[in-house]
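# Commentary on secondary and tertiary structure
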Amino acid sequence: MALDQFDFKEYRDAYESFAGLEPRAKVLYNMAMCSFMYDDRQEALECLRRCVDCDPYLAIASYQLGCLYMDFDDTEKAVTAFELAVKVPTIYTYSHGTF
């Protein structure tokens, strides 16, 4: 249901649907993308922080976190997030599959 809502650009509804699920890394990542799409960058940042804490091998989350830190002009945290993203072994970037 949440993915269908996201596909139909019902981002707030999708966020609420994802929020009702167990807060695993992929769920938190999807919540972050919903938040970003309805322009709540602070909530997106918090979801991405939680996502990276939950699964530091989810490189796309670290990358997106770095991008958001750049939007907030926090270069030091952005660099740290980008460094984490590029340190993820390649085997993990393929094993996480699609969202």
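Up top is the structure.
The structure displayed is predicted, hence computed values, not measured ones.

## Looking at the environment of Arg 50
Within the secondary structure layout, Arg 50 lies in helix 4 (residues 41-54). Residue class for Arg 50 comes out partly exposed when judged on its relative accessible area of 37%. Placed eleven residues apart in sequence, Arg 50 and Ala 61 show a C-alpha to C-alpha distance of 9.8 Å. If sequence neighbours within four positions are ignored, Arg 50 has contacts with Pro 23 and Leu 28.

## Points about unusual backbone geometry
A positive phi angle, close to 60°, is found at Lys 9, a residue other than glycine. Here Lys 9 is to be found in the loop between helix 1 (2-7) and helix 2 (11-19). Given a relative accessible area of 61%, Lys 9 falls into the exposed group. For Asp 73, which is not glycine, the phi dihedral falls at a positive 55°.

Cut-offs used in this document
Residues numbered from 1 in each chain as written. Predicted model: local features only at pLDDT ≥ 70, side-chain atom pairs only at ≥ 80, totals over all residues. Heavy atoms only, no water. Helix = DSSP H or I, 4+ residues; strand = E, 2+ residues; numbered from the N terminus. Buried < 20%, exposed > 50% of the residue type's maximum accessible area, 1.4 Å probe, protein only. Contact = heavy atoms within 4.5 Å.

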